[in-house]
Amino acid sequence: MSDLFVIGAGLSGLMAAYTAARAGLRVQVVTKGLGSMHWAAGTVDVMGYTPEELSRPVQRPLEAIQALAHSHPEHPYVLLGSHQVQVALEEFTALMAELGLPYGGAGGFGALAHSTSGDNLLLPSAVGALRPAFLAPSAQLAGDMARPEPLLIVGFTGLRDFYPELIAENLAKQGFQARAAFLPLSLLTEQADRNNVHLAQALDLQARRLKLGGELKRLARAGERIGLPALLGLDDHAAALADLSAAAGAPIFEIPTLPPSVPGMRLYKALRARLWRMGVRIDVGLEGIGANVIAANGTAGRVQWVETATTTSRPLKHRAKAYLLATGGILGGGFDSDHTGRIWETVFDLPLTIPQARHQWFRPAFMDPAGHPVFNGGVAVNAAMQPVGADGQVLYANLWAAGGALAGADPIQQHSLEGLAIATGWAAGQAIVRALAQ
Amino acid sequence: MKRIETEILVVGGGATGTGIAWDAALRGFKVTLIEKRDLTHGTTGRYHGLLHSGGRYVVKDPVSATECIHENRILRKTHAHCIENTSGFFAVTPEDEGPYPDKFLEGCRATGVDCAEISVADALRREPLLNPRISRVFEVPDGTADSFLATHATVQAARHAGAQILTYHELMGLIIEGGDGNRRVVGAKVRDVAKGMDVEIRAQMVINATGAWAGMVTQMAGVAISVVPGKGVMVAMNHRALNTVVNRCKMPADGDIIVPVHTVAIIGTTDERVTDPENLRIEPWEVNLMLEEGDKLVPNLSKARVVRAWAGVRPLYQEDYAGASRDATRKFALLDHKERHGIDGFITITGGKWTTFRLMAEKTVDLAASHLGARKPCVTATTAVPGADQGNYWLGHRLHEIEEQKLQGQLICECELVTRAMLENAAKQNPLLTLDDLRRDVRLGMGPCQGGFCTYRAVGIIHEMGKAGVWEGDAGHQTHAAEEWDVAYIQSPARNVNGSGSVGDRPQQQGGSVGDRPQQQGGSVGDRPQQQGGSVGDRPQQQGDRPQQQGDRPQQRAGQTPPLFNPNLLLRDFLQERWKGVAPILWGRQLKQERLDELIYLNVMNADHLPDDQLASAMTDFYLFDTTPNEHEVHP
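### Comments concerning the overall build of chain B
Alright, step 1. The helix and strand inventory of chain B stands at 17 helices and 23 strands.
Alright, step 2. The proportion of buried residues among the 636 residues of chain B is 66%.
Alright, step 3. Restricting to contacts in chain B with at least 6 residues of sequence separation, those with at least 24 account for 76%.
Alright, step 4. Taken as a whole, chain B presents about 21200 Å² of accessible surface, with 50% of it coming from carbon and sulfur.

Below, the structure written as structure tokens:
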């Protein structure tokens, strides 16, 4: 029997698993598939836009969190307080530095510590919009639009997931000096069928990246920085980045594009390797399908076991001292729904703050600045990240929740996906460590 | 203001209008067709895709049934590549007991609809997902049709015959001369929507082929006719489920048919009178009803993923009829306004259904010819449109070609197997106002992710083409566009490789005859009438103004990059257009899919914070999903 049983291997689940394992707990992680890191940009977005100001990006996210306290008391950041968010981010930054995939902010690396004045980065997106992100892997930092160098965006002819002309034109429309250029895709691969992961693996080979670097040097004008699709190596990324920058003689940065996300895969693999070294098991292909609980009866109930399903065996029962629900919300598959408008949490059937009526879920425009109500709800928790009922009482004494499943935020629209995952995963891990120590 | 002179002005770019343009041009008339949006924007592009055998009407509407089977046999030849030969079942489910099945058999015999009763065991062997509790099954020659492709093919045939087709040209008013009792329609005021320009079209005959919108057009001549838009809601399931069209064997009712079209199975339909044919709400109860009824034919079909819901409007015409929408006749109505209202030069054709479009066109042009002076007789029943020589469409053709030619790396829409070259050729030869126009051409974004991946790619590719000057400068390119673009292969990955298009390897088959009858009049390229078409008012005739060669999309002129061609607007419009059709069916896995699309576009791309966010196209508002509260939440 493990101390902590984590359901979900996204950023929140892995952050909680790391926090608990480092404190000495025995941790098991199960996941149906791979987390949403594989889809996302690989940055740490803490707060890009607030519900109050959706047209202009937040300049200082940790300050913006403090400002949420009055308007959005149910927001997970408000439950934690900005100080805890900051501590969690510092933990994450230290961990990633240790893992050789360093994340930095607007002030560079390590500038975070004990500072609430960290500015958001503004990084060019694959359509040439500016993405607010608080931390980014070193491969994306040179894309910060606060930097003065003009941009050369380089694509590959025939690569279906990256359009440098579009990026350069939109950056120019926003007042930046940017131009586009193409290189032949044959520099990377001769394969007829390929995606970004194959191409990244091609750049794990030094000979290929040196050749690419030489071509980039030929293209770049003095003083330019070079933006490339985010596929600069997968397993040998740090060396790929260094080799390319040296060979090109210019700062190089990655622009994340359509899934699968190579930056997200690097992050996942780094965290997984760290957890493996701590003896944490991660079972992929196990889907949490239900739980046995002692129902709340005036006081908090208890989770007895969690049941998982696989395609290859009968359902399995898992017992632990503590359970963490980190299955994500709708995106992660943690909630399911049907045509009658019923929407439910799939493992513990926890109450959701989402209206049980389909006609209340959506607004007329896909890009409605106010977002869609169905994506703003989820599992309500207290400050210790324990799911609570409508009366605010803890539902199960040994159950915690973190990440995309939480109510009170639309992390995709507010650009807070990773920040919420890290902060709530870390906080839940801390709370579990404290609870089991008692 | 631009002026165009023609003999026949056709209003409406659906199946009927384009069929009229084709027929009239083949008979030697000078024809101009206007459509306010893209081809098939109205009812033709929003129906379930059934090629009727007539079986649905044998009891209720025998005249329609006979028309259907007659036209079914013709279209299988003239538009062969637009049709999948699925066959059709009429199945008696446990809820359909009673005398109807025998009446149905009798009706088939009386109306000439081929029908054979087959054993339930045979039916289940062919369609294993069919409800095993059915008691009887009748097989009829139903099929399915790609109405987008068919309309394109008809238009290409019409163009070859000299017709001028103008999309995004909206009718603003009719030009009427003469006083009471002696009035005559002599043309129309038209708005070029894409260019924001007025156009005056003078014609000896205006044919109103606007279907459910027909009453609005006759109002412009001060005439009221009773065309009631009958809304039909359809849902497309992610699984094709069946390879045969399956109908319930009972009086036609809501949700009683499942039509396998391309990669999806479509459950249809509802039927409700509405007042506005343009803005159609989809209520939760309507979607739920389709799913519940679909389950009666294919148990648990509702548990499959729904990819989309949409609504079309039937044009229901019945004089002095005020009953239920479902019971109005589906026969078409041809109205000679001279005879009825004393207005010369004006004909309305409405009612009917896709399957009978060619017949409707024939009768309409017969009537027009009786006023204008007859030319050649109708030959559309024996004239194949370009591409028909390929034979019937089959589901696996794209995958087969992609695997044969190893085109996997070229795919930009993995759901519907659209390659980059297919998109480029469609965009090059058929310049667009929105990506939705290209969707109809190549099925871009019609699969389970509903544009999640291909929207970004398509916008990037179109933008690169614009940067490369594909639509600029070269007047010769534009001039020959309509000639060169062979829609016959628009959906073929193998025929669109490396941007070469189908130009070079196009076989010499346009407009050939079908059946065993020798080609007699018109129809083939060789003997098509050599008319110039559309003289241009007060301006000297220029190459670029030769209407039949100009291409039907207006906005790409030398040296101009129209604001409508803004990539950020293309992106926003298409995402919103896809949203309109998924919002009514978002739950379960499709809701998760939509959240991934949000992650991509709102987060990774941050496309909701791009420049030019105030720009709007002619279609922007149309794509909004109507969520205004409605008190009719339950089935009335």
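### Overview of the pattern of salt bridges
Residue and element names in this part refer to chain B.
Alright, step 1. The full count for this structure, using the stated rule, is 66 salt bridges over all chains.
Alright, step 2. Linking K189 and E200 is a salt bridge whose minimum nitrogen-to-oxygen distance equals 3.0 Å. Of this pair, K189 sits in strand β11 (residues 183–192) while E200 is found in strand β12 (residues 197–208), placing the two residues eleven residues apart along the sequence.
Alright, step 3. Residue classification places K189 among the partly exposed residues on the basis of a relative accessible area of 37%.
Alright, step 4. Residues participating in the shared-partner salt-bridge network are R3, E177, K189, E200 and R202.

### Notes on the interface of chain A and chain B
Often the size quoted for an interface is simply the accessible area lost on bringing the parts together.
Alright, step 1. Across the contact, 62 residues belong to chain A and 60 residues belong to chain B.
Alright, step 2. Both sides of the chain A and chain B interface together cover about 5400 Å² of buried area, and 63% of this is carbon and sulfur.
Alright, step 3. For the pair chain A and chain B, the number of links is four salt bridges.
Alright, step 4. Among the ionic pairs, K173 of chain A bridges to D612 of chain B, the shortest N-O distance being 2.6 Å.
Alright, step 5. For the interface between chain A and chain B, the tally reads 30 residue pairs in polar contact (both at pLDDT 80 or more).
Alright, step 6. Contributing elements (two or more residues each) for the side of chain A that touches chain B: β5 (130–133), α6 (164–173) and β16 (335–337) of chain A.
Alright, step 7. Broken down by element, the residue count for the side of chain A that touches chain B peaks at six residues, all from α6 of chain A.
Alright, step 8. Across the side of chain A that touches chain B, the residue classes break down as 33 nonpolar, 15 polar and 14 charged.

### Considerations on the packing of aromatic side chains
Alright, step 1. Following the criterion strictly, the structure yields twelve aromatic pairs over all chains and no others.
Alright, step 2. With 4.6 Å between their ring centres and 35 degrees between their planes, F90 of chain B and F104 of chain B make a pair best called tilted. Of this pair, F90 of chain B sits in strand β5 (residues 88–92) while F104 of chain B sits in helix α3 (residues 100–111), and the two are 14 residues apart along the sequence. Grouping residues by exposure puts F90 of chain B and F104 of chain B together as buried.
Alright, step 3. Clustering of aromatic rings is evident, with ring pairs tying together W361, F362 and F366 of chain A together with W579 of chain B.

### Concerning helix α5 (residues 147–160) of chain B
Alright, step 1. The end-to-end C-alpha distance of α5 of chain B, which contains 14 residues, comes to 20 Å, matching closely the 20 Å that a straight helix rising 1.5 Å per residue would cover.
Alright, step 2. Of the residues flanking the start of α5 of chain B, the one acting as N-cap is D146 of chain B, its side-chain oxygen 3.1 Å from the backbone nitrogen of F148 of chain B.

### Thoughts on the packing of helix α11 (residues 420–429) of chain B against helix α13 (residues 454–467) of chain B
Residues and elements named next belong to chain B.
Alright, step 1. Two elements in contact, α11 and α13, have axes whose closest approach is 11 Å; the angle formed by their N-to-C orientations is 55 degrees. With respect to α13, the axis of α11 lies oblique. Regarding α11 and α13, the two cross each other, and that crossing is right-handed. Residues R420, L423, E424, A427 and K428 of α11 pack against A458, I461, I462, E464 and M465 of α13.
Alright, step 2. Broken down by class, the residue content of the contact of α11 with α13 amounts to six nonpolar, no polar and four charged.

### Description of the sheet that holds strand β14 (residues 316–318) of chain A
Residues and elements named next belong to chain A.
Alright, step 1. Strand order in the open sheet formed by three strands is β12-β13-β14, and the pairing between neighbours is antiparallel. Either end of the sheet is taken by a strand with one partner, and the two such strands are β12 (287–294) and β14. For this sheet, the mean inter-axis angle between neighbouring strands, taken without regard to orientation, is 30 degrees.
Alright, step 2. With three bridges joining them, strand β13 (residues 302–309) and β14 adopt antiparallel strand pairing. Bridge pairing in β14 links V306 to H318.

### Considering the pairing of strand β18 (residues 306–317) of chain B
Residue and element names in this part refer to chain B.
Alright, step 1. Among the twelve residues in β18, twelve count as buried, and that is most of the element.
Alright, step 2. Pairing geometry for strand β13 (residues 227–237) and β18, over eleven bridges, is antiparallel. Bridging from a neighbouring strand, V228 pairs with L316 of β18.

### Quick notes on unusual backbone geometry
Alright, step 1. Note the cis peptide between P259 of chain A and P260 of chain A, where omega equals 0 degrees.
Alright, step 2. Mapped onto the secondary structure, P260 of chain A falls in the loop between β10 (252–255) and α10 (262–277).
Alright, step 3. In the segment running from G268 of chain B into T269 of chain B, the intervening peptide bond is cis, with an omega of -20 degrees.
Alright, step 4. Secondary-structure assignment places T269 of chain B in the loop between β16 (264–268) and β17 (272–273).
Alright, step 5. Positive phi, close to 55 degrees, is recorded for H415 of chain A, a residue that is not glycine.
Alright, step 6. Of note, H415 of chain A is situated in the loop between β18 (399–401) and α11 (417–437).
Alright, step 7. Not every positive phi belongs to a glycine, and Y168 of chain B is a case in point at roughly 50 degrees.
Alright, step 8. Positionally, Y168 of chain B belongs in the loop between β9 (164–166) and β10 (169–177).
Alright, step 9. A relative accessible area of 1% places Y168 of chain B in the buried class.

### Some words on the environment of E594 of chain B
Alright, step 1. On the secondary structure map, E594 of chain B appears in helix α17 (residues 588–604).
Alright, step 2. The spacing of E594 of chain B and A583 of chain B is eleven residues in sequence and 9.0 Å in space, taken between C-alpha atoms.

### Some details on the sheet that holds strand β1 (residues 2–7) of chain A
All names here are of chain A.
Alright, step 1. Ordered in space as β11-β2-β1-β15-β18, the five strands form an open sheet in which the pairing is parallel. Of all strands in the sheet, those with a lone pairing partner are β11 (281–284) and β18, marking the two edges. Strand-to-strand, the axes of this sheet are offset by a mean angle of 20 degrees, without reference to chain direction.
Alright, step 2. Examined bridge by bridge, strand β2 (residues 27–31) and β11 share four bridges and lie parallel to one another. Across the sheet, the residue bridging to V30 is D283, located in β11.

Definitions and limits used
- Positions within a chain are numbered from 1, following the residues in the order the chain's sequence is written.
- A letter from A marks each chain and a number from 1 marks each ligand, given out in the order of writing.
- In view of the model being predicted, local features appear only for residues whose pLDDT reaches at least 70, and side-chain atom pairs are presented and counted only at 80 or more, with totals across whole chains, interfaces and linings using the full set of residues.
- As a rule here, side-chain values cover all heavy atoms of the structure and leave hydrogens and water aside.
- Helix and strand assignments follow DSSP, with helices taken as H or I runs no shorter than four residues and strands as E runs no shorter than two, numbered in order from the N terminus.
- Relative accessibility decides the category of a residue: with a 1.4 Å probe and only protein chains considered, values under 20% of the type maximum give buried, values over 50% give exposed, and everything between is partly exposed.
- Should any heavy atoms of two residues lie within 4.5 Å, those residues are counted as being in contact.
- The Shrake-Rupley method, run with a 1.4 Å probe sphere, supplies the accessible areas, and residue values consider only the shown protein chains as cover.
- A pair is scored as a salt bridge if a Lys or Arg side-chain nitrogen falls within 4 Å of a carboxyl oxygen belonging to Asp or Glu.
- The term buried area refers to how much accessible surface (probe radius 1.4 Å) is lost by two components on association, counted for both of them together.
- Two N or O atoms count as a polar contact when they lie within 3.5 Å, although within protein this holds only if one can serve as hydrogen donor and the other as acceptor, and sequence-adjacent residues are included solely when both atoms are side-chain atoms.
- Each residue gets one label: Ala, Val, Leu, Ile, Met, Phe, Trp, Tyr, Cys and Pro are nonpolar, Asp, Glu, Lys and Arg are charged, and the others, such as Gly, are polar.
- Centre distance within 6.5 Å is the pairing criterion for rings of Phe, Tyr and Trp, where only the six-membered ring of Trp is used; planes under 30 degrees apart are then read as stacked, over 60 as edge-to-face, and the remainder as tilted.
- Take the residue count of a helix, subtract one, and multiply by 1.5 Å to get its expected span.
- Only the stretch in contact is used when fitting a helix axis, every axis being a line fitted to C-alpha atoms; angles between N-to-C directions are given from 0 to 180 degrees.
- Angle categories are assigned with fixed cut-offs, so that under 35 degrees is roughly parallel, over 145 is roughly antiparallel, 65 to 115 is roughly perpendicular, and the rest are oblique.
- By convention, the crossing between two helices is left-handed when the near helix turns anticlockwise from the far helix through less than a right angle, and right-handed when the turn is clockwise.
- Note on pairing: DSSP must find at least two bridges between two strands before they are called paired.

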